[in-house]
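Notes for the structure review
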Amino acid sequence: MNQLRRETFWDKAAKYFIYFMLYSIIGWIYEVFLEVVVYQWGFSNRGVLFGPYCVIYGVGAIILIFSLSGLQKKKIRIGKISITPVLVFIGIVLITTVLELAGSYIMEWTRGEWLWDYRRFAFNFQGRVALNPSIRFGIGGMVFLYLIQPLFEKLMDKLGRRRVRVIAVILCVIFIADAIYTFCL
């Protein structure tokens, strides 16, 4: 495995597609856990596709990686206190709130409804977004950016480029087949 060779566009695309799929699956697990264990509403598929993934989580994760990883690496201080994590948290809350709001409108436009309703929470906007879930997404985003994503990056490095590309192609075929099954059949 030659680590000195520069990563190509396709190498990066394969890694980020795997990240997208991993976070979409983790998002689905999180949603189902909330629905079954926390709220005790019973099981339903929380994604828009047949398979076990919520693509809004995958999209959100990729957006957070691209938009906040630069900020995350900076050392911004007030006196001796680092405020970088606070700024990253605020960024996560803002980005995920906007993404969730946009996602609700897209789902309503394409499906006639969206899959969540936050009217029971204080400080909500049309039941589409609310302060409580936005704060939870901020906390989850911190865990994701500071703990989970570095682990996934190490895993990708250990797998090597060839395996990463193969895994990405397999996941892509599954994802496309699922989209065709869900929307065309």
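Quick notes on the rules
- Residues numbered from 1 in each chain as written.
- Predicted model: local features only at pLDDT ≥ 70, side-chain atom pairs only at ≥ 80, totals over all residues.
- Heavy atoms only, no water.
- Helix = DSSP H or I, 4+ residues; strand = E, 2+ residues; numbered from the N terminus.
- Buried < 20%, exposed > 50% of the residue type's maximum accessible area, 1.4 Å probe, protein only.
- Contact = heavy atoms within 4.5 Å.
- 1 Å grid on protein atoms, 1.4 Å probe; cavity = no way out; pocket = protein on both sides within 12 Å on 5 of 7 lines; lining within 4 Å.
- Points joined across faces, edges and corners; volume = space filled by probe spheres on them.
- Nonpolar A, V, L, I, M, F, W, Y, C, P; charged D, E, K, R; others polar.
- Phe/Tyr/Trp six-rings, centres within 6.5 Å; stacked < 30°, edge-to-face > 60°.
- Lys NZ or Arg CZ within 6 Å of the ring centre and 35° of its normal.

Let us look at the environment of F121. Assignment of secondary structure puts F121 in the loop between α3 (84-111) and β3 (124-125). On the basis of relative accessible area, F121 is assigned to the buried category, the value being 15%. A C-alpha to C-alpha distance of 7.7 Å links F121 and L131, two positions 10 residues apart in sequence. Dropping the residues within four chain positions of it, F121 is found in contact with Y39, A130, N132, P133 and R136.

What follows is about the layout of surface pockets. When its volume is computed, the largest pocket comes out at roughly 1300 Å³. Within the residue set of the lining of the largest pocket, elements represented by two or more residues are α1 (9-38), α2 (55-73), α3, α4 (131-159) and α5 (161-184). Class assignment of the residues belonging to the lining of the largest pocket gives a composition of 30 nonpolar, eight polar and eight charged.

Next up on the list: the packing of aromatic side chains. Taken as a whole, this structure holds 13 aromatic pairs when the rule is applied. A centroid spacing of 6.1 Å and a plane angle of 70° characterise the contact between Y30 and Y57, whose relative ring orientation is edge-to-face. With Y30 in helix α1 and Y57 in helix α2, this pair connects stretches of sequence that are 27 residues apart. When its relative accessible area of 18% is taken as the criterion, Y57 is described as buried. Relative to F121, the ring of Y118 lies with its centre 5.7 Å away and its plane at 65°, an arrangement referred to as edge-to-face. These aromatic residues form a ring-pair network of at least three members: F17, F20, Y53 and F175. Geometry around W114 places R128 over its ring, the cationic atom sitting 3.9 Å from the centre.

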